[in-house]
Amino acid sequence: MNQATELHSSTVRQISLIATTEVRRLLSQTKGLVTLAAYVMLWLLILLFLVRDAVNLMLHPDAKDIVMQVLGEGAMSNLFNWPVEEFAMYWVFALGLQPMFAILLGAGQFADDIQRGTFRFLSLHASRIALFFGRFLGAMAVMALLSGATSLVTMVMAMVRDIHLALPAVICGLQVWLVILLMLLPYVALMSLLSVIASSSKQAVLYSVLFFTGLSLLVWLADVTVAPLAYLEYVMPGTETQQLMGVMPTQAPIFLKVALIQTVAFLALGFYAFKRSDV
Amino acid sequence: MSLIKCQQLSRRYGSHLALDNINLDLTTGQPIALVGPNGAGKTTLFSLLLGYIHPSAGSIEVFGLPPGHPQLRSKIGALPQDAKLDPDFTLEQQLSLFAQLRGMSAKAAKQEALRVLTLVDLADSLKQKPTTLSHGMSKRVAIAQALIGEPELILLDEPTAGIDPANARLIRDLISKLSDRTTFVVSSHNLDELERLCDQVVFLERGQVKQQVSLSATTETQYFTLQLQAVDDQTVLSVLRQLPDVLQVNVASQHAFVIEYQPSATALDVALLQLCHQQGWRYRLLLNGRSLEDTLFAQ
């Protein structure tokens, strides 16, 4: 055995290598670049045709009164308190749409590679713990890049409208980006679990649809059947979305405790399933 | 040194028992052959040894450690069956990643990728993606992957299946060349190939170890295998049986005779050749010993 291999690679280094490979897949491969382009184009359309129009409406002097009259005091009225209106609207769209992207992109973490046998090669050279958490962190890094890109475009939009918004836009953009990432953690972790169980990424997406619809139905039934079923709401990622819409990013962390607990739980289950699975 | 130790090892897929209470004790050294018909459990045994799947019962030790143990990773390489490389990355990127995962620096990993691809005569394909390779080339790349880090044990699951004779020979030569510092365990249906490569042979059938033989082991009796051209087998049989020191003669296949004789016999091979000459039999082969096929399937 040569000298280089005598040094056992640490798990942390293996995790970092595997996560970096996933980022490279996004940035250097045709398939990844197409995904990136499609994502950015979609967000450009949202930002240019929905967010910008909504910002123009928000800037109207009577807009806040109209919203208060129609919707009352609540989540939507709080959007008028944001220092940068673009980010107020971006926040609403991001809270609704980014989880869907996280589900779609997170579905490919394991299933296809296990079916293709690629993990048979990888598991000869890396531990299962490194493979699992490396892929999870890779998926999170990809989401960080994608959501970071949209946050950056939103910053530019705000600066183009009013250059004096440059500093607040940068601060707001970074805060929103971080909170969105924390909010996405349980979605990606859930997809880590489902992707281990499923036999393809498509099947993992279908499982996620069943997961969300099934649990939503049970929670809804709690009102008419067994009340404790309502606690199942805490199993679903996104329980805090409604509350998040009504607050600024700086106030968001207190609502993200459930998301972090969910992340730990899904990762623990996912790793247990992956460790026991046949590759 | 103990290489592989399996005790009462079983693996079940639903109601199907793929491996049934296997006991196996193999030591390091010359290449080891794993033989058996389709469905005998060869790939299941490999998958268990590599930690891809878990046993339903029993225990496995490789170098005294359970499969998947972190210390084993630098000691084992393998060619898994039906495994494909990531279609998104070049061979260099993937082999370098594997080498880095084993602890090498990025620079050393690139050199290692080139080294192992050179060993399988694919250095020119460094920048190619797996989707552009033929079946044979893919197999050679997978073997190159098994050689990363110069492991002490390499498991090769049907390394020459589906590849052309020239490349099959290249792989056999590679195994022979490296077998003085690496123990290979090779599964194959090609008994001639295994016979040329391996000393120890483990024969699996219906999930059980039916035989475990050493081709170089000395036995109480010895064998010659004589293959002739266009003769009457019954006539040859009766003539051969009359030779001194011959204990038994069997027809292994058409015109091929396995002659069991006493070790005390002298110059029986010379006598056999003289007999061929006298009888006008044209011989194709006189083998000192039995083929692996005859050893395993002799009645």
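Residues numbered from 1 in each chain as written. Chains lettered and ligands numbered in written order. Predicted model: local features only at pLDDT ≥ 70, side-chain atom pairs only at ≥ 80, totals over all residues. Heavy atoms only, no water.

### Comments concerning the overall build of chain B
Okay, step 1: When helices and strands are tallied, chain B shows nine helices and 13 strands.
Okay, step 2: On the principal axes, the C-alpha backbone points of chain B span a range of 70 × 45 × 35 Å.
Okay, step 3: Residue pairs at least 24 apart in sequence account for 67% of intrachain contacts in chain B once pairs closer than 6 positions are excluded.
Okay, step 4: Summed over all atoms, the accessible surface of chain B reaches about 13,800 Å², with 46% contributed by carbon and sulfur.
Okay, step 5: Averaging the coordinates of the 26 positive side-chain charges in chain B and doing the same for the 30 negative ones gives two points 7 Å apart. (Helix = DSSP H or I, 4+ residues; strand = E, 2+ residues; numbered from the N terminus. Contact = heavy atoms within 4.5 Å. Areas by Shrake-Rupley, 256 points an atom, 1.4 Å probe, with all protein chains shown as cover. Lys, Arg positive; Asp, Glu negative; His and termini not counted. Charge placed at Lys NZ, Arg CZ, Asp CG, Glu CD.)

### Description of the interface of chain B and chain A
Okay, step 1: Contacts between the two partners involve 39 residues from chain B and, on the opposite side, 33 residues from chain A.
Okay, step 2: Buried area between chain B and chain A, both sides added, is near 3,400 Å², and the carbon and sulfur share of it is 55%.
Okay, step 3: For the chain B face of the interface with chain A, the top three residues by lost area are Tyr52, Arg73 and Leu101 of chain B, together amounting to 21%.
Okay, step 4: Taken together, the connections running from chain B to chain A amount to four salt bridges.
Okay, step 5: Run the count over chain B and chain A and you get 19 residue pairs in polar contact (both at pLDDT 80 or more).
Okay, step 6: At the level of secondary structure, the elements contributing two or more residues to the side of chain B that touches chain A comprise α2 (91-101) and α4 (135-146) of chain B.
Okay, step 7: Element by element, the count of residues in the side of chain B that touches chain A is highest for α2 of chain B, at five residues.
Okay, step 8: Taken together, the residues of the side of chain B that touches chain A sort by class into 16 nonpolar, twelve polar and eleven charged. (Buried area = accessible area lost by both parts, 1.4 Å probe. Salt bridge = Lys/Arg side-chain N within 4 Å of Asp/Glu carboxyl O. Polar contact = N/O pair within 3.5 Å; in protein donor to acceptor, adjacent residues only side chain to side chain. Nonpolar A, V, L, I, M, F, W, Y, C, P; charged D, E, K, R; others polar.)

### Remarks on unusual backbone geometry
Residues and elements named next belong to chain B.
Okay, step 1: With phi around 60°, aspartate 121 is a residue other than glycine that occupies positive phi space.
Okay, step 2: Counting through the fold element by element, aspartate 121 comes out in the loop between α3 (106-119) and α4.
Okay, step 3: Not every positive phi belongs to a glycine, and arginine 206 is a case in point at roughly 45°.
Okay, step 4: With respect to the helices and strands, the residue arginine 206 is situated in the loop between β8 (200-205) and β9 (208-214).

### A look at the UniProt feature "transmembrane region" (unreviewed entry) in chain A
All names here are of chain A.
Okay, step 1: On the UniProt side, "transmembrane region" (unreviewed entry) is annotated at positions that read residues 33-51, 88-111, 132-160, 166-193, 205-232 and 252-274 here.
Okay, step 2: Between the end C-alpha atoms of residues 132-160 there is a gap of 42 Å, over a span that is 100% helix and 0% strand.
Okay, step 3: Annotation note: span residues 205-232, helix share 61%, strand share 0%, distance between end C-alpha atoms 20 Å. (UniProt positions renumbered as here; feature names shortened; annotations may be inferred.)

### Considering the nonpolar core
Okay, step 1: Among the nonpolar cores identified, the biggest contains 159 residues, and Phe87, Trp91 and Phe274 of chain A together with Cys6, Leu45, Leu49 and Leu117 of chain B are the most heavily contacted of them.
Okay, step 2: Considering every element that reaches this core, the biggest residue donor is helix α10 (residues 166-197) of chain A, with 17 residues.
Okay, step 3: Ignoring sequence-local partners within four residues, the contact set of leucine 117 of chain B consists of Leu91, Leu95, Leu122, Ala123, Leu126, Val141 and Ala144 of chain B. (Core = buried A, V, L, I, M, F, W, Y, C linked by side-chain atoms within 4.5 Å. Buried < 20%, exposed > 50% of the residue type's maximum accessible area, 1.4 Å probe, protein only.)

### Brief notes about the sheet that holds strand β13 (residues 282-288) of chain B
All names here are of chain B.
Okay, step 1: Spatial strand order, β11-β12-β10-β13: four strands in an open sheet with antiparallel pairing. The open sheet has two edge strands with one neighbour each: β11 (246-253) and β13. In this sheet, adjacent strand axes meet at a mean angle of 20° when their direction is disregarded.
Okay, step 2: Here six bridges tie β11 to strand β12 (residues 256-261), and the two strands are oriented antiparallel to one another. Across the sheet, valine 246 pairs through a bridge with tyrosine 261, a residue of β12.
Okay, step 3: Relative to β11, helix α7 (residues 233-241) is tilted by about 160°, and along the sheet it contacts β10 (222-229), β11 and β12.
Okay, step 4: Where helix α8 (residues 268-279) meets the sheet, its contacts fall on β10, β11, β12 and β13, and the angle it forms with β10 comes to roughly 15°. (Pairing = 2+ DSSP bridges. Axes fitted to C-alpha atoms, helices over the stretch in contact; angles between N-to-C directions.)

### Focus: the domain arrangement of chain B
Interface size, as often reported, equals the accessible area lost upon joining of the parts.
Residue and element names in this part refer to chain B.
Okay, step 1: Taken domain by domain, chain B consists of domain 1 (2-214) and domain 2 (222-297).
Okay, step 2: On a C-alpha basis, the centroid separation for the pair domain 1 and domain 2 is 37 Å.
Okay, step 3: With eight residues of domain 1 at the contact, the number on the domain 2 side is seven residues.
Okay, step 4: Carbon and sulfur atoms supply 75% of the area that domain 1 and domain 2 bury against each other, a total of about 670 Å² over both sides.
Okay, step 5: Run the count over domain 1 and domain 2 and you get zero salt bridges.
Okay, step 6: At the junction of domain 1 with domain 2, the criterion picks out one residue pair in polar contact (both at pLDDT 80 or more).
Okay, step 7: Counting only elements with at least two residues in the side of domain 1 that touches domain 2, the list comes to α6 (191-197), β8 and β9.
Okay, step 8: Counting residues per element, the side of domain 1 that touches domain 2 draws most heavily on α6, at three residues.
Okay, step 9: The class makeup of the residues in the side of domain 1 that touches domain 2 is six nonpolar, one polar and one charged. (Domains from an automatic or database assignment.)

### Some words on the environment of phenylalanine 212 of chain A
Residue and element names in this part refer to chain A.
Okay, step 1: Its location among the elements puts phenylalanine 212 in helix α11 (residues 201-221).
Okay, step 2: The sequence separation of phenylalanine 212 and methionine 248 amounts to 36 residues, and the corresponding C-alpha distance is 26 Å.
Okay, step 3: Excluding residues within four positions of it along the chain, phenylalanine 212 makes contact with Ile103, Tyr187, Leu190, Met236 and Pro237.

### Regarding the side chain of glutamine 109 of chain A
Residue and element names in this part refer to chain A.
Okay, step 1: Within the secondary structure layout, glutamine 109 lies in the loop between α6 (85-106) and α7 (111-116).
Okay, step 2: Here glutamine 109 falls in the buried class, since its relative accessible area comes to 3%.
Okay, step 3: Side-chain polar atoms of glutamine 109 contact the backbone oxygen of glycine 106, separated by 3.0 Å.
Okay, step 4: Beyond its immediate stretch of four places on either side in the chain, glutamine 109 contacts Phe119, Arg135, Phe136, Ala139, Val188, Met191, Ser192 and Ser195.

### Details of the pattern of salt bridges
Okay, step 1: Applying the stated criterion across every chain, the model contains 13 salt bridges over all chains.
Okay, step 2: Across the salt bridge formed by arginine 25 of chain A and glutamate 22 of chain A, the nearest N and O atoms sit 3.1 Å from each other. One end of the pair is arginine 25 of chain A and the other is glutamate 22 of chain A, both in helix α2 (residues 11-28) and three residues apart, which spans about a single turn.
Okay, step 3: Here glutamate 22 of chain A falls in the buried class, since its relative accessible area comes to 13%.
Okay, step 4: Between glutamate 92 of chain B and lysine 127 of chain B there is a salt bridge; the shortest N-O distance is 2.5 Å. Note that glutamate 92 of chain B is positioned in helix α2 and lysine 127 of chain B in the loop between α3 and α4, a separation of 35 residues in sequence.
Okay, step 5: Using a relative accessible area of 11% as the deciding quantity, one classes glutamate 92 of chain B as buried.
Okay, step 6: Owing to a relative accessible area of 59%, lysine 127 of chain B belongs among the exposed residues under this scheme.
Okay, step 7: By sharing partners, the salt bridges in this structure join Glu22, Arg25, Lys31, Asp113, Arg116 and Arg135 of chain A together with Asp86 and Asp88 of chain B into a single network.

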